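Residue-level structural notes
One letter stands for each residue in the lines below.
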Amino acid sequence: MPENPPRRQRPSPKKHSWLRPTTARTGGTPPADHPAPDASGGPTAGEGSVVHAAVYRDGHRVSTPTSLADTYRRLREQPDAMAWIGLHRPTESELVSLAEEFDLHQLAVEDALEAHQRPKLERYGDTLFVVLRAARYLDAPEEVDFGELHIFVGPDFVITVRHGAAPDLSAVRRRMEATPELLALGPEAVLYAILDAVVDGYAPVVAGVQNDIDEIETEVFGGDPAVSRRIYELAREMVEFQRATRPLVGMLHGLMAGFAKYGTDDELQRYLRDVADHVTHTSERVDGFRSALADILAVNATLVTQQQNAEMRALAEAGFEQNEEIKKISSWAAILFAPTLVGTIYGMNFETMPELHWVAGYPFAIALMAVVCTSLYFIFKRRDWL
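Residues numbered from 1 in each chain as written. Predicted model: local features only at pLDDT ≥ 70, side-chain atom pairs only at ≥ 80, totals over all residues. Heavy atoms only, no water.

Assigned secondary structure in the chain consists of 12 helices and seven strands. Per-residue burial over the chain gives 41% buried out of 386 residues. Split by element, the accessible area of the chain, about 20400 Å² in all, is 56% carbon and sulfur. (Helix = DSSP H or I, 4+ residues; strand = E, 2+ residues; numbered from the N terminus. Buried < 20%, exposed > 50% of the residue type's maximum accessible area, 1.4 Å probe, protein only. Areas by Shrake-Rupley, 256 points an atom, 1.4 Å probe, with all protein chains shown as cover.)

Turning our eyes to something else, we now look at the pairing of strand β6 (residues 143–153). Among the 11 residues that make up β6, nine are buried, leaving the element largely enclosed by the rest of the structure. Where strand β5 (residues 127–138) lies against β6, 11 bridges are found, and the strand directions are antiparallel. Each residue of the ladder has a partner; that of Leu128, found in β6, is Val153. Between β5 and β6, which follow one another and run antiparallel, lie four residues, and Glu142 among them has a positive phi close to 55°. Both β6 and strand β7 (residues 157–163) contribute to a ladder of six bridges, which runs antiparallel. (Pairing = 2+ DSSP bridges.)

All right, on to helix α12 (residues 361–382) then. For α12, which comprises 22 residues, the first-to-last C-alpha distance of 32 Å matches the rise-based estimate of 32 Å (1.5 Å per residue) to within 8%. Close packing links the buried residues of α12 with α11 (266–346). Among the residues trailing α12, Asp384 stands out with phi positive, at a value near 65°. (Expected span 1.5 Å × (residues − 1). Contact = heavy atoms within 4.5 Å.)

Now for the environment of Glu114. Relative to the elements of secondary structure, Glu114 occurs in helix α4 (residues 106–114). The exposure class of Glu114 is exposed, given its relative accessible area of 54%. C-alpha separation for the pair Glu114 and Glu92, spaced 22 residues apart in sequence, amounts to 9.6 Å.

This next bit is on the sheet that holds strand β1 (residues 50–57). Ordered by their spatial adjacency, seven strands build an open sheet running β2-β1-β3-β7-β6-β5-β4, and the pairing between neighbours is mixed. Both edges of this open sheet fall to β2 (60–63) and β4 (120–124), since each of them pairs with a single strand only. Here the average twist between neighbouring strands, direction ignored, is 25°. Bridging between β1 and strand β3 (residues 82–88) involves six bridges; their strand directions are antiparallel. Following the sheet pairing, Tyr56 is matched in β3 by Met82. In the packing of helix α8 (residues 202–222) onto the sheet, contacts are made with β5 and β6, and the angle to β5 comes to roughly 35°. (Axes fitted to C-alpha atoms, helices over the stretch in contact; angles between N-to-C directions.)

Looking at where Gln269 falls in the secondary structure, it is placed in helix α11. Those residues within four positions of Gln269 in sequence are excluded, and the remaining contacts are Phe259 and Thr264.

Once that is clear, we can look at the packing of aromatic side chains. Inspection of every chain in the model, using the stated rule, returns eight aromatic pairs. Ring centres of Tyr202 and Phe241 lie 5.4 Å apart, and the angle between their planes is 70°; this geometry places the pair in the edge-to-face category. Here the residue Tyr202 occupies a position in helix α8, and Phe241 occupies one in helix α9 (residues 227–257), the gap between them amounting to 39 residues. The exposure class assigned to Tyr202 is buried, which follows from its relative accessible area of 1%. By relative accessible area, Phe241 is classed as buried at 0%. (Phe/Tyr/Trp six-rings, centres within 6.5 Å; stacked < 30°, edge-to-face > 60°.)

Time to look at unusual backbone geometry. One non-glycine residue, Arg89, adopts positive backbone phi at about 50°. Summarising the element assignment, Arg89 is placed in the loop between β3 and α3 (92–102). The phi angle at Glu142 is positive, at roughly 55°, despite the residue not being glycine. Positionally, Glu142 belongs in the loop between β5 and β6. Given the relative accessible area of 33%, Glu142 is considered partly exposed.

Below you can see the structure in the form of C-alpha cells.
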C-alpha cells in the first residue's frame, strides 16, 4: 500500500446474499437478527461483540463511536481518516454489516465467522486478510492457551476479529496512540503493531515451556511414573504452537516481498524485519522443543523398560530363592516321613503280625529307618536340594 493513500470514494453498501437472505429469496420479511439499515446508511447490527472502535486522523483519535453504524458515519465525515474496529466473537449480522460497508470478500468473512483457520495472509483487491494464532502461557495449570485473530486491513480501516482471550489488543492500541507518528502511517502500521504484539506474546510461552522441559527432565531421571502423561500433553501443545508460528515465517517474507510494489514506509520495513527475526527465532525454538520432547520420551521409555527389567529380575531371584527353600523343606519332610512310616506300621496292634514276636524285630526296624533316611539324604544332596 502506498504511503498515505488517497481517500477513496466509498461506494454504497453492497448486499451480500451469500450470508444474508433477502426478502425476494425467502419470500418474506428479513429475519429479526438482520434489521434494515438506519438513517445513517449503515445496518444497525447488534453491537454486543464490539470491544472498541475509534476513528483516527494524522495519528490522533478524532472520534470514539459507540456502534458500527456510528463508526461508518464518522468515517465518512472525516477525510483522510482511518477506522480501527475491534470485535470479539462477532455475530453473523455484525460481519454482514462490515462486509457491506467495507466491501469485504465473502470467503474472508466466512473464515472470520467460522474461525479455526490456519495462520495465513490473503489479498482481496486492496484489502488484506490476515489470520494469526496467538498464544499465552497459563502458570497455574502449566499449559499453553491458544487464541485466534482475524485482521482485515484496507486503505482506510483496520478490523480485528478475536476468537479467544489472547492477544490483548488494548495494549496495542494504547501503544499506537502513544506514538502518533507511527499511527499516522496508516492501517499497515496497525497491522505490523498487531503482528509484533502477537509475536512478542510467544516469548513468555517459550520461557514457560523451557521451564516445563527442565522440570520434566528432572522427573524422568527421578523415576516419576506420571511424567509420561506430562510429556505427551506438552508435545501436543508444541504441535499446536508449531502450527501457529511456522506459517508466520512465510507470511512475513511475503509482506516484505511487496515492499517495493506497495511503497511501504521505510520505518515499517524495519519494523517488519524485526518481527520476522523474532518469528524465525521462535519457530526454531519450537522445533527444538519438539525434538527435545521426542528425545525425552525415548529416554523415559528406556528408563521405564530398565526399571521393569530390574523388577522382573528381582522377582525371578526371589522366586529362585523361594524354590530353593521349598526344596530343602520338601527334602527334610521326605526324610522324616520314612521313619514315621516304618514306626506307624509297627505301631499297629495286630496279634497276627509276625514281626511283633520276632527277637530281631526292633533292631531291624531301627536299621530300616536309618537306611531309608540316609539313602534319601544322599539322593537329595546329590541333586542339590540340601
